[in-house]
Structures are given as C-alpha cells and as structure tokens.
Amino acid sequence: MQEAMINRAKQLLADGSVDRVIGWKRGEFEYDITPAVFTSAEELDADFVYDDFTAANVSKYLVKESKKEGKILAFLKPCDTYSFNQLIKEHRIVRENIYVIGIPGGPKLDAERIKAKGITGILGAKNDNGTLIIDTVYGEEKMPYYEALSVKCRNCKSKNHVVYDELIGEDGDILDSNRFDMVEKLENITAQERYDFWREQLSKCIRCNACRNVCPACTCEKCVFDNPDSGVENKAATDSFEENMFHIIRAFHVAGRCTDCGECSRVCPQNIPLHLLNRKFIKDINSLYGDYQAGEDTTSRAPLNDYKQDDCEASIVHERGVE
Amino acid sequence: MQVNDNKEFQPLIVAFCCNWCSYAGADLSGTNRLNYPTNVKIIRVPCSCRVNPMFILRAFQRGADGVILCGCHPGDCHYTSGNYFTRRRMTLLFSMLDFLGIERDRTRVEWVSAAEGAKFAATMNEFTEAVRKLGPNRRLEDLRCRKQ
Ligand code: SF4
Ligand code: SF4
Ligand code: SF4
Ligand code: FES
C-alpha cells in the first residue's frame, strides 16, 4: 500500500496536478507516525510512511494547508473522509485546492496498548492469525492482536469513503459497529455509579488540550478555552467543577458535528474515554431527532442548527433511563 | 414572599427568564401578589436561546443548587424560533449532565407566557421544593465558591 501511495503521489507531483502531498512520516520512534507535508519525490522516498501504526487523521491540517498557494494531495482513510466532508460543510477548507485519494483504513495498532503489556523498544508488528508478533530491539514478543488495536478501530463505523477524487484499493461498507454499547451500559447504572465512573476518568485530565487541538470539528479561530475573559481559559483544572465543565463544553460544542472519528480519545495522554461523551450526544441525537451521521454529506442541516415544531421537551431526560 | 424557615436547607435557584414572555410572567405574578420563594434569583435574557450551556454550568459553579430556564411557549418566541433551538440544546445538555451522574432534578426548562403569572409562581414553588429535596449541589459545585 505504502509503495502504491508513494508512486501515485510522485506521478501527481511530476505532472503538476498537485504541488504538495500531506501524508505521514516517522517521528522519534518507529511506531510514532506523525502527519507531514512533502514537496518532492525525494522527500516521499525518504520519509513517507503508511503502516499499521499510521492512525492520525490529516483532514484538520487542510484547514491551513488548503489556503496556501497551489494544490495539495491528501490521503484519507474512510473515517477521515467524514471529517473532510464536515469541514467542507462548515466552509473550513478550500475544496478546489485539494486532491483526495481514498485509502483503506485500519484496524490500526495502538503502541500504548502494546507498551501497557510491558513490551518496549517496538520496531514493528505483524498480525499472525490473531496473535500480534512484535519486533523489538530486545527480540520478538507476542500478544493477542485484538488487545493491541486502537479503541477507535475496534468500533469502526464505516469502511466506506464518503468523498474522494480517486481510490487506491477497494472501498468498503458501512459497518454495524456496536459503538453505543458502552454508552448504553453507563445509562443503565445508577447516577451515583455514573458520577463515580466519570470522576475517576475526568480527574485524570491534565488539560493539555490535545483532544481539542486534534479534533477536526474544533476549528474555531478563537476557542472559548483560549479566551482569557471566559474564566475557563487554558490551565490545569483546579477542581472537579473545572474538569467537568471543560469536558461538557468541549463535547457540547461538537455535538451534531462530531463525526466520531475517534481522534480525541486516541491522542489523550491520560486515556480518558472521551468518545463516550461524544457518542452519548450522537446516540441522543439519533434517538430524539432521527438518525444523523455528521460528515456523511455536505448539505444536511446539523441537528443543533435545526428543529421541528414537535420536538420532545427537555423533560424527556427526566423520564427515561436510570436515575 | 414566603418567610423562610432557616433550619431547613434553602436551595439557591437561578431562573433564566426571557425578556418577552417569562420575565413578564414573573412580573405579573408579582403584581398579582402571588407567592414564590425568595430562593429564586431571576436573570433576564433577551431570548431563551441566549442561554449558552456555559451559563448553566456557571450558575452551578457560583452556588446554584438548581437552574431553571423559562421562555415563551413554542411557537410564541419573540424571535420566532429561538426557543425551538433552546429546546434541543437544553435537552442534550441536561441529558449529558444526567450521563455524568449529576442529579437530573436540578435542571428544568419551562415555557411561561406573559399572561401566566400563576404558572410562574407555581413552577418556582414546585422546582424549589424538588431541589430542596435533593439537598445542596455537591456534584457540580466549585469548592472555591462554596459559602461557609
Ligand atoms: S487530551 Fe486528555 S488529558 Fe488532554 S485535555 Fe483532553 S481529556 Fe484532558
Ligand atoms: S470530538 Fe473526537 S471523535 Fe468527534 S470529531 Fe472531534 S476528534 Fe473526532
Ligand atoms: S472547544 Fe468549542 S470553542 Fe473551542 S475549538 Fe472546540 S468547538 Fe471551538
Ligand atoms: S423571546 Fe422568549 S423564548 Fe425567544
């Protein structure tokens, strides 16, 4: 796959169709794959990477990149195409300046999960019938493949590219992802248990803001958390109120726009299951206002920018689920 | 006004009222000499949809034990559709608070017209009682703001 991508990128650069390519290169470690922009065939040959650790969604980088001179080639996984569509819908990116090649996605590996097994010095990994064979500087290691998968890929919602100019590889289908199972579980325990669950999770937050910075829906030029007059600007949360507030507001701001791309949970250094907050909103929207998948198209009205005269009243929250 | 019995827990209730209906409704309940608890502090907003989720959280942070949002009845908003947007926003916000384990009876939306002074008073009495039963807000409070 990586070969085919590099070759196609080189062709498009050579015939002048694009001026730059956004893809990934290796960071400090072998498994640390980070988004990067390439401008020449030499750079592509030297650094371009697409492997099982390549999970980052590059669509948000296009907010800035697509406003620069010339055209840029972007490689998008199926989940990334939803983010891309949503950004078009919100007029955040200049579509004419981007050439999209759809590529097959995961399942991707999460190095943190491998490290959690005490395996370090990772150089590479291969799936062998459900067992992950990991090549490390200290020799070969093994672990169950499923346990090494990133959270976002375990509940993949779609292998289908919703937007592209051309595809490398096959397009897939929308999947039955069971992604609301955990949300449902939480809905069915008591309020006290839910409170305890979230206290344990949210109190780990160090307010690094990585979840906001990586989110393709968080593209505000002036974020409320950057505003020194808001009283909630970036700083370590001092108490449980601020922890709750940050997470409620962050998730609320992307409600109806979050494509469930999973980037926020992926980047959280504290492994806070942020996707559960986003999915709670998605689940509520689906059940109260009709099924809606952000990023599926570029024309539908976002559920929070829309209404029906016979929408349910807010009191519905008091009438259902477990208290 | 009712005289509060100090031994009982006195919840602080913040009521966001839209200028065109609910605030006028509150006024009417006053001119009609209907009783509603002094626990209720009214914040006037131009329209119910002026209320950003942060306002609700901020009210809790600053010591509210319950927050109620009042606006014109659906279809009657001075700005035509503001309260329809409010309704979706607050439904989702309250649901999220519930998901985080915050007591669901601390939040409410109620539609009160300018002619419904009696409904305003009744709503406030009822809501204050419901919040009194829950006791002080501990799950969404900011310790730095706690009154001793
Ligand atoms: S990425 Fe994680 S630790 Fe950082 S601000 Fe977000 S939730 Fe908190
Ligand atoms: S909130 Fe998380 S899952 Fe949703 S769009 Fe943002 S990064 Fe993706
Ligand atoms: S947290 Fe809210 S204000 Fe900040 S970037 Fe995201 S959507 Fe915009
Ligand atoms: S003016 Fe009353 S709800 Fe809009």
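Residues numbered from 1 in each chain as written. Chains lettered and ligands numbered in written order. Predicted model: local features only at pLDDT ≥ 70, side-chain atom pairs only at ≥ 80, totals over all residues. Heavy atoms only, no water.

A. Molecular detail of the domain arrangement of chain A. Residues and elements named next belong to chain A. Parsing chain A into structural domains produces domain 1 (1-106 + 157-176), domain 2 (111-148) and domain 3 (178-323). The straight-line distance from the C-alpha centre of domain 1 to that of domain 3 is 27 Å. With 20 residues of domain 1 at the contact, the number on the domain 3 side is 25 residues. For the pair domain 1 and domain 3, the summed buried area comes to about 1700 Å², and 49% of that belongs to carbon and sulfur atoms. Per-residue buried area on domain 1 facing domain 3 is highest for Lys 60, Lys 89 and Lys 157; these three make up 34% of the total on that side. At the boundary of domain 1 with domain 3, the tally comes to one salt bridge. The partner of Glu 90 in a salt bridge is Arg 257, with the nearest N and O atoms 2.8 Å apart. Between the two partners, domain 1 and domain 3, sit 13 residue pairs in polar contact (both at pLDDT 80 or more). Element by element, the count of residues in the side of domain 1 that touches domain 3 is highest for helix H4 (residues 78-89), at eight residues. Among the residues making up the side of domain 1 that touches domain 3, the classes are represented as eight nonpolar, six polar and six charged. (Domains from an automatic or database assignment. Contact = heavy atoms within 4.5 Å. Buried area = accessible area lost by both parts, 1.4 Å probe. Salt bridge = Lys/Arg side-chain N within 4 Å of Asp/Glu carboxyl O. Polar contact = N/O pair within 3.5 Å; in protein donor to acceptor, adjacent residues only side chain to side chain. Helix = DSSP H or I, 4+ residues; strand = E, 2+ residues; numbered from the N terminus. Nonpolar A, V, L, I, M, F, W, Y, C, P; charged D, E, K, R; others polar.)

B. Main features of the packing of aromatic side chains. Applying the stated criterion across every chain, the model contains 14 aromatic pairs over all chains. Taking 6.4 Å as the distance between ring centres and 70 degrees as the angle between the ring planes, the aromatic pair formed by A:Trp24 and A:Phe48 counts as edge-to-face. Residue A:Trp24 is located in strand E1 (residues 20-26), and its partner A:Phe48 is located in the loop between helix H2 (41-47) and helix H3 (62-65); the two are separated by 24 residues in the primary sequence. By the burial criterion, A:Trp24 is buried, and A:Phe48 matches it. Judged by centre distance (5.1 Å) and plane angle (85 degrees), the ring pair of A:Tyr307 and B:Phe85 falls under edge-to-face. Separated into two different chains, A:Tyr307 in the loop between helix H12 (274-289) and helix H13 (316-319) and B:Phe85 in helix H3 (residues 82-99) make up a pair that spans both. Its relative accessible area of 16% is what places B:Phe85 among the buried residues. These aromatic residues form a ring-pair network of at least three members: A:Trp24, A:Phe38, A:Phe48, A:Tyr50 and A:Phe75. (Phe/Tyr/Trp six-rings, centres within 6.5 Å; stacked < 30°, edge-to-face > 60°. Buried < 20%, exposed > 50% of the residue type's maximum accessible area, 1.4 Å probe, protein only.)

C. Seen up close, empty space enclosed by the protein. All names here are of chain A. For the structure shown, the criterion picks out three cavities of 30 Å³ or more. Of the pockets and cavities examined, the largest cavity occupies roughly 120 Å³. Along the wall of the largest cavity there are 17 residues; nearest its centre are Cys 215, Pro 216, Cys 258, Thr 259 and Cys 261. Elements with a contribution of two residues or more to the lining of the largest cavity: H4 and helix H11 (263-267). Broken down by element, the lining of the largest cavity gets its largest block of residues, three residues, from H4. Counted by class, the lining of the largest cavity contains eight nonpolar, five polar and four charged residues. Built from parts of two domains, the lining of the largest cavity gets at least three residues from each of domain 1 (1-106 + 157-176) and domain 3 (178-323). By volume, the second largest cavity is sized at about 90 Å³. (1 Å grid on protein atoms, 1.4 Å probe; cavity = no way out; pocket = protein on both sides within 12 Å on 5 of 7 lines; lining within 4 Å. Points joined across faces, edges and corners; volume = space filled by probe spheres on them.)

D. Here's a closer look at the site of ligand 2. Residue and element names in this part refer to chain A. Close to ligand 2 lie Cys 215, Pro 216, Arg 250, Val 254, Cys 258, Thr 259, Asp 260, Cys 261, Gly 262, Glu 263, Cys 264 and Asn 278. Among the cavities detected, the one that contains ligand 2 is the largest cavity. Grouping the constituent residues of the shell around ligand 2 by class yields six nonpolar, three polar and three charged. (Near = heavy atom within 4 Å. Sits in = over half its atoms within 2 Å of the grid points.)

E. Broad picture of the pairing of strand E3 (residues 72-76) of chain A. Residues and elements named next belong to chain A. Judged by how many residues are buried, E3 sits mostly within the fold: five of five residues are covered. Side chains Ile 72, Ala 74 and Leu 76 project from E3 onto one buried face, and the interleaved Leu 73 and Phe 75 project onto a second face that is buried too. Pairing geometry for E3 and strand E4 (residues 98-102), over five bridges, is parallel. The partner of Leu 76 across the bridge, within E4, is Gly 102. Considered for its hand, the β-α-β crossover made up of E3, H4 and E4 is right-handed. (Pairing = 2+ DSSP bridges. Right-handed = clockwise from strand over helix to strand, strands pointing away.)

F. Broad picture of the interface of chain B and chain A. Counting residues at the interface gives 36 residues for chain B, matched by 51 residues for chain A. Here chain B packs against chain A, burying approximately 4100 Å² in sum over the two surfaces, 63% of which is carbon and sulfur. The largest per-residue losses of area from chain B upon contact with chain A belong to B:Arg88, B:Phe99 and B:Arg104, which jointly make up 23% of the total buried on that side. Residue B:Asp98 is joined to A:Arg194 by a salt bridge in which the shortest nitrogen-to-oxygen separation is 3.2 Å. Linking chain B with chain A are 16 residue pairs in polar contact (both at pLDDT 80 or more). Elements that contribute at least two residues to the side of chain B that touches chain A include exactly helix H2 (53-61), H3 and strand E4 (107-111) of chain B. Among the elements that take part in the side of chain B that touches chain A, H3(B) stands out by supplying 15 residues, more than any other. Within the side of chain B that touches chain A, the residues separate by chemical class into 18 nonpolar, six polar and twelve charged.

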